[in-house]
Amino acid sequence: MVLEQNQQGIVLRVRLTPNSSCCKINGVFDDTNGDQWLKICVVSVPEKGKANKELFKFLAKELHLPKTEMKILSGELDRYKKILMPISEDMIRNWLKGYGI
């Protein structure tokens, strides 16, 4: 699953693809360690935080969350990101089900 729980809340594992033709969820990626990452494509380029900003905007719109309440725990300069979200596990699982994940 692309989710993990820590003391602060739910952490979403994302594999970000910048420079895409559109902003969308593109399935799940399994890495060599067996971890699953939610593949999200964004149009922005990966410079000066533009791709991260678009990712937060996309997630905020999809999950009806304020952008300011999401936080990158790891991967700010990497395509593999762990994002802390103030959301219940049930709510995010239902959102993922809508994408067949």
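Structure first, text after, so check above.
No experiment lies behind these values; they were computed from the predicted model shown.

Reading guide: rules and limits
Residues numbered from 1 in each chain as written. Predicted model: local features only at pLDDT ≥ 70, side-chain atom pairs only at ≥ 80, totals over all residues. Heavy atoms only, no water. Pairing = 2+ DSSP bridges. Helix = DSSP H or I, 4+ residues; strand = E, 2+ residues; numbered from the N terminus. Polar contact = N/O pair within 3.5 Å; in protein donor to acceptor, adjacent residues only side chain to side chain. Contact = heavy atoms within 4.5 Å. Salt bridge = Lys/Arg side-chain N within 4 Å of Asp/Glu carboxyl O. Buried < 20%, exposed > 50% of the residue type's maximum accessible area, 1.4 Å probe, protein only. Core = buried A, V, L, I, M, F, W, Y, C linked by side-chain atoms within 4.5 Å. 1 Å grid on protein atoms, 1.4 Å probe; cavity = no way out; pocket = protein on both sides within 12 Å on 5 of 7 lines; lining within 4 Å. Points joined across faces, edges and corners; volume = space filled by probe spheres on them. Nonpolar A, V, L, I, M, F, W, Y, C, P; charged D, E, K, R; others polar.

1. Looking at the pairing of strand S1 (residues 3-6)
Alright, step 1. Sheet analysis places S1 next to strand S2 (residues 9-17), joined by four bridges and oriented antiparallel. Residue Asn6 lies in a different strand from S2, and its bridge partner there is Gly9.

2. What about the side chain of Lys81?
Alright, step 1. Looking at the element boundaries, Lys81 is found in strand S6 (residues 80-85).
Alright, step 2. In terms of polar contacts, Lys81 uses its side chain to reach the side chain of Asn52, at 2.9 Å.
Alright, step 3. Within polar-contact distance, the side chain of Lys81 engages the backbone oxygen of Asp78 at 2.6 Å.
Alright, step 4. Contact partners of Lys81, with chain neighbours within four places excluded, come to Leu12, Arg13, Val14, Leu16, Trp37, Asn52, Leu55, Ser74, Gly75 and Glu76.

3. As for the pattern of salt bridges
Alright, step 1. Per the counting criterion, the structure on display carries four salt bridges.
Alright, step 2. Between Glu47 and Lys50 there is a salt bridge whose closest N-O contact spans 3.8 Å.
Alright, step 3. For Glu47, a relative accessible area of 43% translates into the label partly exposed.
Alright, step 4. The partly exposed category is assigned to Lys50, whose relative accessible area is 40%.
Alright, step 5. Salt bridges here are not isolated pairs; linked through shared partners, they connect Glu4, Arg13 and Lys82.

4. Some details on the pairing of S6
Alright, step 1. Of the strand pairs in this sheet, S2 and S6 are connected by six bridges, and their pairing is antiparallel. Counted as the bridge partner of Val11 is Leu84 from S6.

5. Looking at the nonpolar core
Alright, step 1. Membership of the largest hydrophobic core comes to 26 residues, with the highest contact counts inside it found for Leu12, Ile40, Leu59, Ile83, Met85 and Ile92.
Alright, step 2. Those elements that provide at least two residues to this core are S2, strand S4 (36-41), helix H1 (50-63), S6 and helix H2 (89-97).
Alright, step 3. In this view, Leu12 contacts Val2, Leu3, Leu38, Leu59, Lys81, Lys82, Ile83, Met85 and Ile92; residues no more than four positions away in its chain are not counted.

6. Thoughts on the layout of surface pockets
A probe matching the size of a water molecule, rolled over the atoms, marks out where space remains unfilled.
Alright, step 1. As a volume, the largest pocket reaches approximately 240 Å³.
Alright, step 2. Every residue lining the largest pocket is counted, 14 residues in all, and those nearest its centre are Pro46, Asn52, Glu76, Leu77 and Lys81.
Alright, step 3. Broken down by element, the lining of the largest pocket gets its largest block of residues, three residues, from H1.
Alright, step 4. When the residues that make up the lining of the largest pocket are grouped by side-chain class, the tally is five nonpolar, two polar and seven charged.

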